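# Analysis of the macromolecular model
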Amino acid sequence: MYKNKICVIGTGYVGLVGGVCLADFGNRIMNVDIDEKKIKMLQDENIPIYEPGLQVLFERNVREKRIKFTTDIARAIKECEVIYISVGTPSSQNGESNLESVFQVAKNIGQIIDGYRIIVTKSTVPVGTGRKVEAIINEEINKRNKDYKIDIVSNPEFLREGKAVYDFTHPDRIVIGTDSENARKVMEEVYRPLYLNNTPFVFTNLETAEMIKYAANAFLATKISFINEMANLCEAVDADVQTVARSMGMDGRISSKFLHAGPGYGGSCFPKDTRAIVKIGEASGVDMKVIKAAIIANENQKIRMVDKIRDRLGGLRGKTISILGLTFKPETDDVREAPALSIIPRLIKSGARIRAYDPQGMKTASRILNEYEQEITYCKNEYEAVKKADALVLITEWNQFRRLDLDRVRSLLAYPVFFDLRNVYIPEEVEAVGIEYIGVGVKGKKISAEIETGKREIAATEQGVKDN
Ligand code: NAD
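Quantities reported herein were computed from a predicted structural model and do not represent experimental measurements.

The rules we used
- Residues numbered from 1 in each chain as written.
- Predicted model: local features only at pLDDT ≥ 70, side-chain atom pairs only at ≥ 80, totals over all residues.
- Heavy atoms only, no water.
- Helix = DSSP H or I, 4+ residues; strand = E, 2+ residues; numbered from the N terminus.
- Buried < 20%, exposed > 50% of the residue type's maximum accessible area, 1.4 Å probe, protein only.
- Polar contact = N/O pair within 3.5 Å; in protein donor to acceptor, adjacent residues only side chain to side chain.
- Contact = heavy atoms within 4.5 Å.
- Phe/Tyr/Trp six-rings, centres within 6.5 Å; stacked < 30°, edge-to-face > 60°.
- Lys NZ or Arg CZ within 6 Å of the ring centre and 35° of its normal.

Okay, the side chain of Asn228 next. Structurally, Asn228 can be placed in helix α10 (residues 206-237). Of the residues examined, Asn228 reaches a relative accessible area of 2% and is grouped as buried. In terms of polar contacts, Asn228 uses its side chain to reach the backbone amide nitrogen of Gly262, at 2.8 Å. Setting aside residues up to four positions removed in sequence, Asn228 forms contacts with His260, Ala261, Gly262, Gly264 and Gln301.

Here Glu140 is to be found in helix α6 (residues 129-143). With sequence-adjacent residues up to four places away left out, Glu140 is seen in contact with Lys107, Gly110 and Gln111.

What follows is about unusual backbone geometry. Notably, Asp238 is not glycine yet its phi reads approximately 70°, a positive angle. Within the secondary structure layout, Asp238 lies in the loop between α10 and α11 (241-249).

Our focus in this paragraph is the packing of aromatic side chains. Under the counting rule described, the total for this entry stands at 13 aromatic pairs. Plain terms: the ring middles of Tyr50 and Trp398 are 6.4 Å apart, the flat faces sit at 40° to each other, and that makes the pair tilted. A residue pair is termed long-range when its members are at least 10 positions apart, and Tyr50 in the loop between α2 (36-43) and α3 (54-63) and Trp398 in the loop between β12 (391-394) and α17 (406-412) qualify at 348 residues. A residue is classified by how much of its surface remains accessible, and Tyr50, at 25% relative accessible area, is partly exposed. Among the aromatic residues, those joined into a cluster by ring pairs are Phe25, Phe168, Tyr191, Tyr195, Phe201 and Phe203. Its guanidinium or amino end placed over the ring of Phe158, Arg173 lies 3.6 Å from that ring's centre, counting from NZ or CZ. Above the ring of Tyr383, the side-chain terminus of Arg408 is found at 3.9 Å from the ring centroid.

Below you can see the structure in the form of structure tokens.
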């Protein structure tokens, strides 16, 4: 019988948010991780990641003793009937999903369980992984000459970092893939507040549930690549992608979401999940042409951003570039596959120096960019980052970058050109203070300004960014 005790193995962005929110639903949670430092921090009531809204829920559930943190996986598996697997599934060298951690946890479960358990895969895993997890656990049980029954569930996660708490507690749908009637009933209990709230539940088999996650991510990534390609075409033909996207989005069949032109998608999911589904296709003899094209377009988009900057500045050697935003999106400290982390090394390799600022991502980014520490100055705020720079490049649209004091920016820049890679600003507003505006797929005017003297000699042409 389900006694509302759940262990969540893997306490990262998904496992921690999931654990805390499941505790808030009234379940008793043991969050497990192999990272001792992370668990120690959590036991000391410090949250190791930046995720808005998590603190309040975390404190409440720790106080109510509904959630505990441990590295003792054996104890957690013994005590809990429902076991979530939410470890990382990063890309392997060849693009396949690396399932080492998932299989390691499956082995642990098989070696430790002493009775019926429900194993729930929350990590994003290729189709067929649930069955492999089941086989590994059963093999370990057999080795011990025991005969415990297990049920496997695929329960993919759709939360967005930066809005993870809201998304987990207000999901568009909960997908439950399982063959077991009992597991299905238990999962309804686990998500009882949502079930009672009429959140749509999709009950299906394991394979379909696993596929739903990849299909959703690949579709969204493709939508981004699509609008980025449209933006590039808009630049070439003097059209405005913002208006194109807005008008497209008014069509209910299309929707306005994920139609924002920019420097390419990044993050811990889209890049690895698109690569993985291409590999799943290869293994099954299906050529995933559309998704492959989306991946190539995304890579090209990041390179295109660097070319844009280089072309406008007439080369990058000796130039100082101010970068605002290092994380892959606002309201997170996650920099995994962030566009900034691909753009910055390319700028440096072409001879530029960087002045960077991000509200939450400087620590995580500096670890990954450590080989460039001589070339990057991490600044204490956005205005410090702009000081004496030859160009300002906005890569991540944190709220505080949406309303810069443009006069101050103009006075701090050595050369007044602003690459707004998220199309946050209205070109005319930027140009009104004497800064040349270059967006992605939007029309800006060319303004050439006297450097150093501060004299604003504006020679505007109507030719747009491609004319530089
Ligand atoms: P993460 O890297 O933040 O966390 C993974 C955690 O698992 C780490 O703390 C790691 O120490 C731990 N771990 C690894 N091996 C372990 C083991 N053997 N035993 C116990 N703990 C172990 O990853 P994440 O971003 O939370 O992603 C987890 C999964 O969820 C991935 O499959 C990802 O694709 C999927 N997902 C992520 C998001 C997101 O926005 N981050 C959204 C939806 C789905």
